[in-house]
Amino acid sequence: MNRGNLFVISAPSGAGKSTILKKLLTSLPNLAFSVSHTTRAPRPGESNGREYHFVDRAAFEKMRENQAFLEWAEVHGNLYGTSRKAIEDQQAKGIDVFLDIDVQGARQLRDSGHPGAVFLFIAPPSLDELEKRLRGRGTDPEETVQLRLNNARREMEDADRYDYLVINDRLDEAVEILRSVIIAERCKARRNPAGQPLDLTALGFTAQ
Ligand code: ADP
Ligand code: 5GP
């Protein structure tokens, strides 16, 4: 069995990343979403273990000391981290894993030369539209909206460092583009160091 791929996806908050990921997860098999740890408080409707593992700062710092995170970062004043073990377990089962992480976390993985990771960036069509979406979502107080909009300017500067850039203007189109990327990456059978060669005998192609 081939190891699962690692897809790293970043976007300014409010660009539509969670909406797109939810649609992707229901439309493709063998795809899992990595559930990060965070010190941020849950939003209405979020539940522990589904969107995030919600932990306090002390618990987060303990995990960080124990090298439990593949990457971590402070984003909009809260700590976020990806559990190393959860990712490795899924990949070992041949499942492709999606990491929804910020540009700092993505940079850490790129700099550490994480083998075979594919980097995707989702951008909003404009700053005005991003503001509308953040307000329309109705989950954040005004000062948080302002903080996220300010951070968006800086985050957009990283967009060109990613392997793929998707503008989320029409939702269905953005989902379709990402689906195509995943399908194409799965066809790169040998990109993964643990990828298996084709079993020609099993396919009946062995020379006589
Ligand atoms: P993120 O996960 O990137 O922070 P969300 O997925 O929560 O963003 O999306 C932010 C808001 O924008 C939500 O209310 C969502 O329904 C809306 N949204 C997402 N994609 C689109 C789109 N293509 N067109 C219009 N609204 C969108
Ligand atoms: P939110 O609070 O809106 O769910 O997420 C805020 C930001 O934190 C988003 O850009 C999201 O991608 C990022 N994020 C979520 N989990 C992680 C993580 O484990 N590591 C890093 N570096 N960023 C994360």
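Look above for the structure.
Being a predicted model, the structure only gives us computed values, none of them experimental.

We now examine the site of ligand 1. Neighbouring ligand 1 are 13 residues, the closest being Gly14, Lys17, Ser18, Thr19 and Arg137. Within the side chain of Ser18, an N or O atom sits 2.4 Å from an oxygen atom of ligand 1. Measuring from a nitrogen atom of ligand 1, one finds a side-chain N or O atom of Asn168 at 2.9 Å. For ligand 1, whose unbound accessible area comes to 560 Å², protein coverage reaches 74%. With respect to the pocket detection grid, ligand 1 is positioned in the largest pocket. Going through the elements one at a time, helix 1 (17–27) and helix 5 (127–137) are the ones with two or more residues in the shell around ligand 1. Element by element, the count of residues in the shell around ligand 1 is highest for helix 1, at 3 residues.

Take the site of ligand 2 next. The environment of ligand 2 is formed by 19 residues, the closest being Lys17, Arg40, Tyr52, Tyr80 and Asp100. At 2.8 Å, a side-chain N or O of Asp102 approaches a nitrogen atom of ligand 2. The pocket occupied by ligand 2, as judged from atoms lying within 2 Å of grid points, is the largest pocket. When contributions to the shell around ligand 2 are tallied by element, the ones reaching two or more residues are strand 5 (69–75) and strand 6 (78–83). Residue composition of the shell around ligand 2, by class: 6 nonpolar, 6 polar and 7 charged.

Following the sequence through the fold, Thr39 ends up in the loop between strand 3 (36–38) and strand 4 (52–54). Residue classification places Thr39 among the buried residues on the basis of a relative accessible area of 18%. A polar contact of 2.9 Å, which involves the side chain of Thr39, links it to the backbone nitrogen of Leu79. Other than its neighbours up to four places away in sequence, Thr39 contacts Val55, Asp56, Arg57, Phe60, Asn78 and Leu79.

Okay, the sheet that holds strand 2 (residues 31–33) next. Pairing within the open sheet is parallel, and its 5 strands lie in the order 2-7-1-8-9. Each edge of the open sheet carries a strand with a single partner, namely strand 2 and strand 9 (164–167). Between one strand axis and the next, the sheet turns through 25 degrees on average, direction left out of account. Here strand 1 (residues 6–10) pairs with strand 8 (residues 118–123) via 4 bridges, running parallel. Each bridged residue has a counterpart across the sheet, and for Phe7 the counterpart in strand 8 is Val118. Docked against the sheet, helix 1 engages strand 1, strand 2, strand 7 (96–100) and strand 8, running at close to 145 degrees with respect to strand 2.

What counts, and at which threshold
Residues numbered from 1 in each chain as written. Chains lettered and ligands numbered in written order. Predicted model: local features only at pLDDT ≥ 70, side-chain atom pairs only at ≥ 80, totals over all residues. Heavy atoms only, no water. Near = heavy atom within 4 Å. Polar contact = N/O pair within 3.5 Å; in protein donor to acceptor, adjacent residues only side chain to side chain. Areas by Shrake-Rupley, 256 points an atom, 1.4 Å probe, with all protein chains shown as cover. 1 Å grid on protein atoms, 1.4 Å probe; cavity = no way out; pocket = protein on both sides within 12 Å on 5 of 7 lines; lining within 4 Å. Sits in = over half its atoms within 2 Å of the grid points. Helix = DSSP H or I, 4+ residues; strand = E, 2+ residues; numbered from the N terminus. Nonpolar A, V, L, I, M, F, W, Y, C, P; charged D, E, K, R; others polar. Buried < 20%, exposed > 50% of the residue type's maximum accessible area, 1.4 Å probe, protein only. Contact = heavy atoms within 4.5 Å. Pairing = 2+ DSSP bridges. Axes fitted to C-alpha atoms, helices over the stretch in contact; angles between N-to-C directions.

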